[in-house]
Amino acid sequence: MSALIIIVVLLVLMWVLLIRPQRRRRTQQEQLLSNLQIGDEIVTAGGLYGRIEDVHDSEVMVEISPGTTVRIAKRAVAAIVTEEEEDEELEEGEEQPELEAEEESEEPEVERSEAKQPG
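For the structure given in this document, a descriptive report is provided here.

Cut-off values and rules
- Residues numbered from 1 in each chain as written.
- Predicted model: local features only at pLDDT ≥ 70, side-chain atom pairs only at ≥ 80, totals over all residues.
- Heavy atoms only, no water.
- Helix = DSSP H or I, 4+ residues; strand = E, 2+ residues; numbered from the N terminus.
- Buried < 20%, exposed > 50% of the residue type's maximum accessible area, 1.4 Å probe, protein only.
- Contact = heavy atoms within 4.5 Å.
- Areas by Shrake-Rupley, 256 points an atom, 1.4 Å probe, with all protein chains shown as cover.
- Pairing = 2+ DSSP bridges.
- Axes fitted to C-alpha atoms, helices over the stretch in contact; angles between N-to-C directions.
- Core = buried A, V, L, I, M, F, W, Y, C linked by side-chain atoms within 4.5 Å.
- Salt bridge = Lys/Arg side-chain N within 4 Å of Asp/Glu carboxyl O.
- Expected span 1.5 Å × (residues − 1).
- Bend = angle between axes of the 7 residues up to and from the residue.

**Remarks on the overall build of the protein**
The secondary structure content of the protein amounts to three helices and five strands. Going through the 119 residues of the protein one by one, you find that 13% of them count as buried. Across the protein, every contact between residues at least 6 apart in sequence was considered, and the portion connecting residues at least 24 apart equals 37%. Here the protein displays about 10000 Å² of accessible surface, and carbon together with sulfur accounts for 52% of that area.

**Examining the pairing of strand S2 (residues 49-55)**
Sheet analysis places strand S1 (residues 41-44) next to S2, joined by three bridges and oriented antiparallel. Residue pairing for S2: Ile42 is matched across the bridge by Gly50. Bridging between S2 and strand S3 (residues 59-65) involves four bridges; their strand directions are antiparallel. Note on S3: the bridge partner recorded for Ile52 is Val62.

**Looking at the sheet that holds S2**
Spatially, five strands are ordered S4-S3-S2-S1-S5 in an open sheet, and the strand pairing comes out antiparallel. Lying at the two open borders of the sheet, with one neighbouring strand each, are strand S4 (68-73) and strand S5 (77-80). Taken over all neighbouring pairs, the strand axes of this sheet differ in orientation by 45 degrees on average, direction set aside. Direction of pairing for S3 relative to S4: antiparallel, over a ladder of six bridges. By the bridge assignment, Val60 is partnered in S4 with Ile72.

**Points about the nonpolar core**
Counting nine residues, the largest nonpolar core consists of Leu32, Leu33, Leu36, Ile42, Ile52, Val60, Val62, Ile72 and Val77. Elements that contribute at least two residues to this core include exactly helix H1 (2-34) and S3. Those residues in contact with Leu36 that sit more than four places away from it in its chain are Ile42, Ile52, Val55, Val60, Lys74, Val77 and Ile80.

**A look at the pattern of salt bridges**
Per the stated rule, a full pass over the model turns up two salt bridges. The salt bridge involving Glu41 is made with Arg51; its shortest N-O contact spans 2.6 Å. One end of the pair, Glu41, is in strand S1; the other, Arg51, is in strand S2, with 10 residues separating them in the sequence. Of the residues examined, Arg51 reaches a relative accessible area of 37% and is grouped as partly exposed.

**A few points about H1**
Here H1 contains 33 residues, and its C-alpha end-to-end distance of 47 Å stays within 8% of the 48 Å for a straight helix at 1.5 Å per residue. Trp15 marks the point of greatest bend in H1, at about 35 degrees.

**Structural notes on the environment of Arg71**
For Arg71, the location among the structural elements is in strand S4. The class for Arg71 is exposed, based on a relative accessible area of 60%. Not counting residues up to four positions away in its chain, the partners in contact with Arg71 are Glu59, Val60 and Met61.

Have a look at this one:
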């Protein structure tokens, strides 16, 4: 009888930890794909950012740069980019060059003539 209880508890844990979250993600993705509209800023699973130009049953036409439109599978859309996310990305992009400049200034400067001396 105790073995049966352990098996039931393990099945319940598996359902709570694996199956439920996966179902939730799948329904969220399906809802996202059904709500795609012309003009939405998106990011694809491959990391391309663009604006939706046209929506069909299983594919989307996305403008990735002015005058460049690509056709992608609808299921390749990973997320709709909001203005808040764009602002965060811009802020992150601005911080990185400052960090790189600090890292470069910490390195000792060696003149080329010193580095080429035979030893």
